[in-house]
Amino acid sequence: MADFSINDSTNSSSPRPNYAEIVVVRHGETAWNAISKIQGQLDVELNETGRQQAAAVADRLSKEPKLSVIYSSDLERAFETAQIIASKCGGVEVIKDADLRERHLGDLQGLVYSELPKTTPKAYKAFVSKNEDMEIPGGGESLVQLYDRSTSALLRIGTKHIGERVAVVTHGGFIRSLYKRACPDGGFAGKVLNTSVSVFHLDVEDKWSLKMWGDVSHLSQTGFLQSGFGGDKTSG
């Protein structure tokens, strides 16, 4: 569990004009998350647990400072989460952005995690390699490629919305790359749970700061805090 926080406060103040406040949310749970099945960029919808999680984070965000817009991965599990948030937050616009997709995991996609070493040993070896330039067979991205795509996408959004508060609904592997950019010396990021909330500030000089990391306090009345597969090295 990503039980690590830069700032324990769950209340965000209104952003100053010289930075964008970006609320990054991981999508709700899917049936594949629940059985430890690798999603990557395959399109899997939320399960009922995921919809309940999305409703909980939507309720939370509706009570915080107003969002100008929501950007979402175009994969269904993220887009449905974003739509649930938007509905609760006064019908704010949701913009699909393919750059916000999860890491492409090549030949591993669609397989149960525990079976990877046996069924796709070459792809699994690339997946667990400490070489961050290693691409996964079958069209999969390296960690460096994911990092470049993730950080470029957030920078593009932040630059466009200086002085505003916006939300980005995306995926666990993507979010972990953002942590590495904001906290290069921050150590292990831990797991990014389903519908966890992280808050980044991006200023006009491309300086990143992390104000909240992996917060799931909105799920305190549910039984789903530990249930989410992915969001760490397994991605998803």
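Everything that follows concerns the structure shown earlier in this document.
The present account deals with the structure reproduced in this document. Quick caveat, the model's predicted, so the values are computed rather than measured.

1. Remarks on the environment of Gly110
Item 1. As for its placement among the helices and strands, Gly110 is situated in the loop between strand S3 (94-96) and helix H4 (116-119).
Item 2. For the pair Gly110 and Gln39, spaced 71 residues apart in the sequence, the C-alpha separation amounts to 5.9 Å.

2. Observations regarding the packing of aromatic side chains
Item 1. Scanning the entire structure with this criterion turns up 2 aromatic pairs.
Item 2. For the ring pair Tyr179 and Trp213, a centre distance of 4.8 Å and an interplane angle of 45 degrees mean the geometry is tilted. Here Tyr179, found in helix H7 (residues 172-182), pairs with Trp213, found in strand S6 (residues 208-215); they are 34 residues apart in sequence, far enough to count as distant.
Item 3. What makes Trp213 buried here is its relative accessible area of 1%.
Item 4. The interplanar angle of 80 degrees and the centroid separation of 6.5 Å between the aromatic rings of Phe200 and Trp208 together place this pair among those described as edge-to-face.
Item 5. Look at Phe200 and you get buried, because its relative accessible area is 0%.
Item 6. On the basis of relative accessible area, Trp208 is assigned to the buried category, the value being 7%.
Item 7. Here Lys37 stacks its cationic end above the ring of Trp32, 4.4 Å away from the centre of that ring.
Item 8. The ring of Phe79 has Lys96 lying over it, and the distance from NZ or CZ to the ring centre is 4.4 Å.

3. As for helix H2 (residues 48-62)
Item 1. With 15 residues, H2 should reach 21 Å at 1.5 Å per residue; the first-to-last C-alpha distance of 21 Å fits that figure.
Item 2. Among the residues of H2, Thr49, Gly50, Gln53, Ala54, Ala56, Val57, Ala58, Arg60 and Leu61 are the ones counted as buried.
Item 3. In this structure, the buried side of H2 is in contact with strand S1 (19-26), helix H3 (76-88), strand S5 (197-203) and S6.
Item 4. Where H2 starts, the residue carrying a side-chain oxygen 3.2 Å from the main-chain nitrogen of Thr49 turns out to be Asn47.

4. Overview of the nonpolar core
Item 1. If you look at the biggest cluster of nonpolar residues, it comprises 24 residues, and the most contacted ones within it are Ile22, Val24, Leu154, Val168, Phe200 and Trp213.
Item 2. For this core, the secondary-structure elements that each account for two or more residues are S1, helix H6 (143-160), strand S4 (165-170), H7, S5 and S6.
Item 3. Counting 18 residues, the second-largest nonpolar core is a separate cluster that includes Val25, Ile70, Val169 and Met212.

5. So, H6
Item 1. For H6, spanning 18 residues, the distance from its first C-alpha to its last is 26 Å, which sits close to the expected 26 Å at 1.5 Å a residue.
Item 2. Within the span of H6, buried status applies to Leu146, Arg149, Ser150, Thr151, Ala153, Leu154, Ile157 and Gly158.
Item 3. Where H6 is buried, its residues contact S1, strand S2 (70-72), S4, H7, S5 and S6.

6. Observations concerning the pairing of S4
Side chains on a regular strand alternate between the two faces of the sheet.
Item 1. Judged by how many residues are buried, S4 sits mostly within the fold: 6 of 6 residues are covered.
Item 2. Of the two faces of S4, the one holding Arg165, Ala167 and Val169 and the one holding Val166, Val168 and Thr170 are both buried throughout.
Item 3. Examined bridge by bridge, S1 and S4 share 6 bridges and lie parallel to one another. Looking at the pairing, Val24 lines up with Val168 of S4.
Item 4. For S2 and S4, the ladder comprises 3 bridges, and the chain directions are parallel. Within S4, the position partnered with Ile70 by the bridge is Ala167.

7. Considerations on the sheet that holds S6
Item 1. Pairing in this open sheet of 6 strands is mixed, and the strands run S3-S2-S4-S1-S5-S6 from one edge to the other. In the strand order of this sheet, the two ends are held by S3 and S6, each with one partner. Strand-to-strand twist across the sheet, computed as the mean angle between neighbouring axes with direction ignored, equals 20 degrees.
Item 2. In terms of strand pairing, S2 meets S3 through 3 bridges, oriented parallel.

Rules of the game
- Residues numbered from 1 in each chain as written.
- Predicted model: local features only at pLDDT ≥ 70, side-chain atom pairs only at ≥ 80, totals over all residues.
- Heavy atoms only, no water.
- Helix = DSSP H or I, 4+ residues; strand = E, 2+ residues; numbered from the N terminus.
- Phe/Tyr/Trp six-rings, centres within 6.5 Å; stacked < 30°, edge-to-face > 60°.
- Buried < 20%, exposed > 50% of the residue type's maximum accessible area, 1.4 Å probe, protein only.
- Lys NZ or Arg CZ within 6 Å of the ring centre and 35° of its normal.
- Expected span 1.5 Å × (residues − 1).
- Contact = heavy atoms within 4.5 Å.
- Polar contact = N/O pair within 3.5 Å; in protein donor to acceptor, adjacent residues only side chain to side chain.
- Core = buried A, V, L, I, M, F, W, Y, C linked by side-chain atoms within 4.5 Å.
- Pairing = 2+ DSSP bridges.
- Axes fitted to C-alpha atoms, helices over the stretch in contact; angles between N-to-C directions.

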